[in-house]
Each structure stands twice: as C-alpha cells, then as structure tokens.
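Next come the chains, spelled out residue by residue.
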Amino acid sequence: MIKVSIKNLNLFYNKVQALKNISLDIEKNEILGVIGPANSGKSSLLRAINRLSENDYARLSGTIILDDTDIFTIPINDLRRRVGLIFATPVVLPGSIHKNMSYGPKLHRRFKGSELDEIIFNALSAANLWKEVKDRLKDSASTLSGGQQQRLCIARTLAMDPEVIMMDEPCSGLDPISTAKIEATMFELKEKYTFILVTNNTKQAARVANKTAFFLAGELIEIDKTEKIFTNPADSRTDGYIRGKFG
Amino acid sequence: MTFRIGPRTNQIIAYSILLLMTLITVVVLFFIIGYVFKNGIGQLSLEFLTDKTRDMGKEGGILPSILGTFFVTIFAIIIATPLGVGSAVYLVEYTKGGLIHRIISFGADCLAGVPSIIFGLFGFIFFVIKLNLGWSIISGGLTLAVMIIPTIIRTTEEAIKAVPHSFREISYSLGGGKLDTILKVVLPTSLPGILTGVILGIGRAVGETAAVIFTAGSSLGIPTSAFSSTRTLAVHFYILAREGISMPKAYATATVLIIIILLVNFIAYRLMHRFMAKYY
Amino acid sequence: MKDKIAEKLLLFIAFSAILSLLLITFFIFQQGIPLIFKVGLSNFFSTHWAPTRGNFGILSMIIGSLMVTAGALVVGIPFGLACAIFLAEFSSPPIQKTLKPIIELLAGIPSVVYGFIGIVILVPFIREHFGGPGFSVLAASIILGIMILPTIVSISYDALLAVPNTYREGSYAVGATKWQTVVMLLLPAARSGIVAGIILGMGRAIGETMAVIMIAGNALKIPHSMLDSVRTLTSTLALELGYATGDHRAALFACGSFLFLIIILLNIIAIKITGRK
Ligand SMILES: Nc1ncnc2c1ncn2[C@@H]1O[C@H](COP(=O)(O)OP(=O)(O)O)[C@@H](O)[C@H]1O
Ligand SMILES: [Mg+2]
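Computed from a predicted model, the values in this text were never measured in an experiment.

Overview of the overall build of chain B
Logical step 1: Counting its regular elements, chain B contains 11 helices and 2 strands.
Logical step 2: Listed N to C, the secondary structure of chain B is α-α-β-β-α-α-α-α-α-α-α-α-α in terms of helices and strands.
Logical step 3: Principal-axis analysis of the C-alpha atoms gives chain B an extent of 75 × 65 × 35 Å.
Logical step 4: Looking at chain B residue by residue over its 280 residues, the buried ones come to 59%.
Logical step 5: Across chain B, the fraction of contacts at a sequence separation of at least 24, relative to all contacts at a separation of at least 6, is 74%.
Logical step 6: As displayed, chain B offers around 11,200 Å² of accessible surface, 68% of which is attributable to carbon and sulfur atoms.

Looking at the sheet that holds strand S5 (residues 69–70) of chain A
Residues and elements named next belong to chain A.
Logical step 1: The sheet built from 4 strands is open, its strands ordered S2-S1-S4-S5 with antiparallel pairing. Since the sheet does not close on itself, it has two edges, and those belong to strand S2 (16–27) and S5, each with one partner.
Logical step 2: Pairing of strand S4 (residues 58–66) with S5, which is carried by 2 bridges, proceeds in the antiparallel orientation. Each residue of the ladder has a partner; that of isoleucine 65, found in S5, is aspartate 70.
Logical step 3: Across the sheet, helix H1 (residues 42–49) touches strand S1 (2–13), S2 and S4, and the angle it forms with S1 is around 115°.

Structural notes on the pattern of salt bridges
Logical step 1: Taken as a whole, this structure holds 25 salt bridges over all chains when the rule is applied.
Logical step 2: Across the salt bridge formed by arginine 47 of chain A and glutamate 169 of chain B, the nearest N and O atoms sit 2.6 Å from each other. Pair noted here: arginine 47 of chain A is in helix H1 and glutamate 169 of chain B is in helix H7 (residues 165–173), and the two residues belong to different chains.
Logical step 3: With relative accessibility at 11%, the residue arginine 47 of chain A sits in the buried group.

Focus: unusual backbone geometry
Residue and element names in this part refer to chain A.
Logical step 1: Positive phi outside glycine occurs at asparagine 14, with the angle close to 45°.
Logical step 2: Tracing the backbone through its elements, the reader meets asparagine 14 in the loop between S1 and S2.
Logical step 3: One non-glycine residue with positive phi stands out, namely alanine 217, at about 50°.
Logical step 4: If you trace the backbone, alanine 217 turns up in the loop between strand S9 (211–216) and strand S10 (219–225).
Logical step 5: For alanine 217, a relative accessible area of 44% corresponds to the partly exposed category.

A closer look at the packing of aromatic side chains
Logical step 1: Per the stated rule, a full pass over the model turns up 20 aromatic pairs over all chains.
Logical step 2: The interplanar angle of 70° and the centroid separation of 5.0 Å between the aromatic rings of phenylalanine 237 of chain B and phenylalanine 116 of chain C together place this pair among those described as edge-to-face. Placement of the pair is phenylalanine 237 of chain B in helix H10 (residues 233–242) and phenylalanine 116 of chain C in helix H6 (residues 111–130), with the two residues belonging to separate chains.
Logical step 3: The class for phenylalanine 237 of chain B is buried, based on a relative accessible area of 0%.
Logical step 4: For phenylalanine 116 of chain C, a relative accessible area of 0% corresponds to the buried category.

Quick word on the interface of chain B and chain A
One frequently used descriptor of interface size is the decrease in accessible area upon assembly of the parts.
Logical step 1: Contacts between chain B and chain A engage 18 residues on the former and 22 residues on the latter.
Logical step 2: Both faces combined, the contact of chain B with chain A buries some 1,700 Å², and carbon together with sulfur accounts for 63% of it.
Logical step 3: Viewed at the interface, chain A and chain B are joined by 1 salt bridge.
Logical step 4: Linking chain B to chain A there are 3 residue pairs in polar contact (both at pLDDT 80 or more).
Logical step 5: Only H7 and helix H8 (178–207) of chain B provide two or more residues apiece to the side of chain B that touches chain A.
Logical step 6: Ranked by the residues each element gives to the side of chain B that touches chain A, the list is headed by H7 of chain B, at 7 residues.
Logical step 7: A class-by-class count of the residues in the side of chain B that touches chain A yields 6 nonpolar, 8 polar and 4 charged.

Some remarks on the site of ligand 1
Residues and elements named next belong to chain A.
Logical step 1: By nearness alone, every residue bordering ligand 1 is listed as Tyr13, Ala18, Pro37, Ala38, Asn39, Ser40, Gly41, Lys42, Ser43, Ser44 and Asp56.
Logical step 2: Within the backbone of asparagine 39, a nitrogen or oxygen atom sits 2.6 Å from an oxygen atom of ligand 1.
Logical step 3: Between serine 40 and ligand 1, the recorded distance is 3.1 Å, taken from a backbone N or O atom to an oxygen atom.
Logical step 4: Compared with its free state, where it exposes 560 Å², ligand 1 has 65% of that area covered by protein.

So, the environment of threonine 189 of chain B
Residues and elements named next belong to chain B.
Logical step 1: Position of threonine 189 among the secondary structure elements: in helix H8.
Logical step 2: For threonine 189, a relative accessible area of 7% puts it in the buried group.
Logical step 3: Placed 30 residues apart in sequence, threonine 189 and alanine 159 show a C-alpha to C-alpha distance of 8.7 Å.
Logical step 4: Among the polar contacts listed, one links the side chain of threonine 189 to the backbone oxygen of valine 185, at a separation of 2.4 Å.

Remarks on the sheet that holds strand S8 (residues 194–198) of chain A
Residue and element names in this part refer to chain A.
Logical step 1: Spatial ordering of the open sheet is given by S6-S7-S8-S3-S9-S10, a layout of 6 strands whose pairing is mixed. Edge positions in the sheet fall to strand S6 (83–86) and S10, since each has one partner strand and no second. Put simply, the sheet's adjacent strands are angled 15° from each other on average, direction ignored.
Logical step 2: Here strand S7 (residues 164–168) runs beside S8; their pairing, made up of 5 bridges, is parallel. From the neighbouring strand, methionine 166 faces S8, where its bridge partner is isoleucine 196.
Logical step 3: Packing of H1 onto the sheet brings it into contact with strand S3 (31–35), S6, S7, S8 and S9, and relative to S7 it is tilted by some 150°.

Focus on the environment of isoleucine 129 of chain B
Logical step 1: In this structure, isoleucine 129 of chain B sits in helix H5 (residues 116–130).
Logical step 2: Setting aside residues no more than four positions away along its own chain, isoleucine 129 of chain B makes contact with Phe124 of chain B together with Arg249 of chain C.

Calculation notes
Residues numbered from 1 in each chain as written. Chains lettered and ligands numbered in written order. Predicted model: local features only at pLDDT ≥ 70, side-chain atom pairs only at ≥ 80, totals over all residues. Heavy atoms only, no water. Helix = DSSP H or I, 4+ residues; strand = E, 2+ residues; numbered from the N terminus. Buried < 20%, exposed > 50% of the residue type's maximum accessible area, 1.4 Å probe, protein only. Contact = heavy atoms within 4.5 Å. Areas by Shrake-Rupley, 256 points an atom, 1.4 Å probe, with all protein chains shown as cover. Pairing = 2+ DSSP bridges. Axes fitted to C-alpha atoms, helices over the stretch in contact; angles between N-to-C directions. Salt bridge = Lys/Arg side-chain N within 4 Å of Asp/Glu carboxyl O. Phe/Tyr/Trp six-rings, centres within 6.5 Å; stacked < 30°, edge-to-face > 60°. Buried area = accessible area lost by both parts, 1.4 Å probe. Polar contact = N/O pair within 3.5 Å; in protein donor to acceptor, adjacent residues only side chain to side chain. Nonpolar A, V, L, I, M, F, W, Y, C, P; charged D, E, K, R; others polar. Near = heavy atom within 4 Å.

Note that every value here comes from positions in space, so none of it alone points to a role or purpose.
See below:
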C-alpha cells in the first residue's frame, strides 16, 4: 500500500530550483533511505512533505498525496501531526523533559487525568528512552546527552501519534553507540510507522532502508530496493556516489 | 636634533588620556549618586515613606507621591506592555523586511527620540483637555505609556530575535500554528528579555518629570481614583528643589528616587544577562 | 483562522508607535501652527517674547537652545568618544562588562536629579570661581554634556564593535599600534555610527527640559557670554504651559511645533545614517 505519493514535484527558493520534477512513492511500513551529496535537495524534499517549506517562502508545484489526500487540502496542523520531522541537530525546547513531551499533544487536544502521562510513557518507551529518564522527567531537557536528546526528539514526535516519520540526517552529530540505538529504535517502529530517512551516511541507508533513493543536484537519479542500489545501481552516478567518488 | 614622539609613546599617551576621561565619567556618576545619598540617607525613615506630605513638603513624608508614582507607572506599563510586545512580535514574526516593517520601526525609532516635554505638551492637549480626563493618574499614565512604548518594542524585539529559529521549526513540525508557536515557545523563551524592557520602561516612567507634571498635575492629596490628580516623586522633588521649600526633604526624596532607579537598572541588567548567557 | 485574527490584531497593535507619533504631530501642530500664520513669521522669529502683549518672538530662545546644545556637545563628544573607544578597544571583557552598565546608568538618572546637582554644586562653583549668577550657559552645557554621554557612548561603542575584526588584525599585522589602528582605521570605519550617536545626543540636549530650567537661569535675553543666564525653547514651554491661555498657549504650542520639527529632522538623519534595516 502506498502511503506517500509524490508526482512531478518542483521546488524553488527565489531563483534556486532545489527539486526538479521529482516523482516517487513510499510504501506503508517501510523505511525509505534518501542519500545524496550536500545541497542535492534532500532536506527540501522532507520540508515539502510537511509543508514546512512554506516558512522558507519556497514555491512548489506538483502534487504530494498522503493516503489518497492531497496534502494541500489537509489542515496544516493535522498534516504536521501526521507527518513528523526529526532534525539533524536535536533541538530540545527550554523546560523539562515532560514539557518537551507534552508540547505537541497539548497543541492538538485536551487531556484528562493520566491520559497524557500514558502517552508520554508509551512514546518514551518506544524511543527506548523511558528507562533512562523515568526519574528525571522534571529535569531540564538540556541536561540530557546528545544521543538522549535525539531520542527525546523522536519520542516527542511519537507522542503526536504520527503516521509518517521523516528524519533529516538524525545521526550526523552522534557517536556510533547512540547511532546504533536510534537505528534499533527505527527497526522496532517500522511495524507501525512509515519512515523517510535522509542520511549522509550511505552505510546507514544500507543497514536500515528497504528502498533507497539517490538525489543529485535536485534530481532524483534513481530509486530502488536498497540491495539493488548498493550492489547494482542502474545509473553510474549512483555507483560513483556510493563508492565515494564525489559528494 | 628634532624631537619626535614614537608610535609606542603616542599609544601610551592616548591610552592614559582615554583612561582618564573614562574614569572621570565614572567618577561623575558615582559622585552624583554618592552626593545625594550622603545628604539624603540620614533623612530617610519609615515615617518619611509612610507619612502624608504637610506644609507643601516642608514637613511630613512622601506617601502621596509614592502612591502617585506607583499608580501612574502601573497604569503606563499596563497600557504600554501589550502594545510594545505586540509590535515587536509583529515586527519579528510577521514582517520580512518590506515597507510595513520599515514604517513600524521608523515610528518606534522616532518616538524614542521625542523629548519628554513634547510628550507633556501632547498629553496635556490630548488627554487632559481634548479627552477631558483632566490632570489625573489616567492622563499621566497614558502619556507615559506612549513615551515608553519604544523602549519596550526595542528590547522585546532583540529578545525575540534571540530565540533560536530551530525552536520555531520544532513547534511548527509538531503541528503548532503560528500563534501557538509565539505564545508557547517564542514569548516564554524571550520572557526575561521582555521583562528587561518593561523594567527599563518603569525606570523611565518613575524618573520622568516634564511629561507628567502637565498631565498628572501636582496635587498633594492621597489619590482616591484614577481621575485624581497626583504628584509623582520626581515632580515632588522638582518642586521641593526648585522652589527651595526644604533642602533636607529634597535630598531625602532624591535618595528614594535614585534607590528606585538603581534597583530597576540592577534587576533589568541581571535579567538581561541571564537571558543573553543562554541564547547568545 | 485563529492565526489570521491574531495577525490582524498584531498588525493593528504594531501601528501604535507610528500612530502615536502621528497623533502627537497632529495635535501639537494643530494647536500651534495657526498662530504662526496669524501673527506672521517676522513676529514669530523676532527676539521679543511677551505673549500676553502680542509679541511671540522665539529667536532668543532658539539661540539659547543652540548655545546650550553646542556647549553640551563640546563636553559630551570628547568624553563620549573617549569612553566608547576605551570600552570597545582598550578594555578586557570583564572591564567592559562592568563599565558599560555603569555608563548606561547615567542615562537612567532622572533629569531632575541632574538639575539638582547643578543647583547645589555646579552653579555655586561657577558663581564663585568665574563670576556671574552661576545659573548660566556654562552650567547648562556641562550638565547636558553629562546627560548626553550615554547616548553617544552606547551608539559609538556599537559602531566600533561592528567593525570586523579582520580590519584590526590586518592593521596590527603591518605593525600599527592599537591607537594608530583606532585613529586611522576604526574611527573612519565606524564614522557613520558615531555621527548618528552625536546627532541623537544633540536631539537629547535640545529636548532636555527639567535640568535646563533648574540651572540655566531662564532670563529672556540673548546671552553674551557663557556665564550669562539663558532661556531655551524647552524651558519656556515648561515654565509657562501651566498658566498660559488663549494665544499665549497657542504660542507655546507653536514653539513646541518648531522644537518637534527639529527633533524629528535630527531623528530622521540619524536613522538614515545608521540605516536600520
Ligand atoms: N531556505 C532556503 N532558502 C534558499 N535556498 C535554500 C534554502 N534551503 C535550501 N536552499 C538551497 O536549496 C538547495 C537544496 O538544499 P537542501 O534541500 O538543504 O539540500 P540537502 O539537504 O540535500 O543538503 C541548495 O542549493 C540550498 O542552497
Ligand atoms: Mg540537508
């Protein structure tokens, strides 16, 4: 089943065209890896899907369909609840861990009794962070380590009960152990969510992604099963990038 | 043999002169404060602060002026804070350069440079006479509000600009709207900076004379309503000193005034520093 | 929806400053300008001020204002620049951190306190050592000079800090001393900011009222020396507004209009120079 379907997507910032006629489909409950050198439009793609690109005064053309609905017909707050985005550097909001976790859910509805605490418990557990923070929910979130902060950001997104989780180079600032923890989390969560993982680390895509898309200078060069991309890509530029010839 | 000063010597001379002039400036400041304190601290007492003013200020305390200052200032702050903070929010969050931005900041910059006597004239003709509010706490408060709006706009603007852009992105990506983001992320994060602006506004209001003397009046009674005429501390001090009513009382009043100003500046400075340490 | 309403409301609020400015302009001009037309420019710009008898000349006050302002600049510019240069270029961060708020505190001290210090210290000092009544152009100049210091310091300081560090490094690299760098490179580079600071300081000096009333003597004549008593535009406003009626009050507003115009002009020049956004 196709979760997100992108057709003929073009995206411009002023004069720069960051995405050129992109078409691709993302299957439900799979992890799509997106690789490519810097400035190839990977972040722009993610920001187009949850319409964060509107804040950058970007112009879009083409269609993006989420579950048979054009995203431009979905109220923007709903869309962003359903499509979560994790940034490269973990950004925790000022205030406690608990406050960070409750921020998103509270934006969307009111909660009674222990309902919210339950959501927070579930999200933190799913992000494999509960054990580490259960006694310090009232502590400032900035006291967590980098890896923990990134998992908090994942948990914060999970607390919104999203359908699609997009990650923009989520491990670029993390050590190998924290990276492994996050990859394990993603694997566990795949059952319930659809992932788009932008990564500057091709090996990470090889490890976790079902399909991988290669972007270059705003173009989608190719998208295929991950094994295929990494063993026998159709385009020589893909091959070159994976072998580290450029980027 | 010609005598020529080398660049090193030159530098030492220049440095000494700069140092000396800076020291003189600092000494002048401490001298002003010290001189007033030296002559005024001894006159201070609980009675002075809590007693009615008698015999035009020759006798008694300054309770009416303390109350008057308090009410006029509070009034001004209540009006000016939402306007100033709202303007700053609009400037930073809703305009991206452009004509509207230029018009609004031009207004704020210009208003900041308008001297207090002009505010006094304006408040007198507009609030006191045209709106028929008379010499009153309301007229004084409104006039001071207009005067301190730019202070609050500028400080709040800086504080809001210092909130990392990523905080806003997080809020949007969690489905927050613009207003949610402003109310729940931007304003709480910049609160210390905003308070700094408000407190500096309080400082300006408390020390102001020309703008309040023609709008709040100079009545020495205890204010009973927002329409009472009142004499703020600064005005009372001005009248005591200029008309030579009582030097000891003048010093004592000035001491109270300066203590308030020092306190206000100290708090504003501390708040700003804690805020800056976090986000700059 | 909620967002749209909020935006409209905020836009409305955001116009409060410019709206206030327009209201001020309107009311002061509306009260004052008609009188100028009624009595004519030659009356208005004469030196004879006897508003209850139909003489509305503000020239001697204009000259008074200009004299004390010039005096204030003579005191304020060197000290202000010295402080700014010392702070920005010759002090370590901890010293900057202590000195800057101290100098800014000068701006927080109420005008009436400056005026008072003038009365109890400066005026008697001038009377005893230089002669004259003590209440004088000189006294007002010195006090105003101190009052405009913080404005000059903080804007010049910011301008100096805004000069990129590469300039300094380039200059030291060719063997210039700090002072040579300041004079030959930094001051020229920060020139526009410094000029803006001076212009705003000038605006403060022209507009200052209470301190001037208390120490300038307020005699209605053109002063012939620094030791003479002087009456400024602002003093006239503050001294007479309390009891003026009819044409007299209108004349004060006319005087206020003139003052306001000068201040706005100075502000616009300063804003243009600094090119704020
Ligand atoms: N907010 C923006 N404004 C203008 N140009 C942008 C903006 N964001 C990205 N770009 C430009 O768009 C292109 C694609 O950038 P991006 O999507 O960030 O690529 P990637 O994530 O692959 O590095 C780049 O040329 C970049 O400079
Ligand atoms: Mg990127």
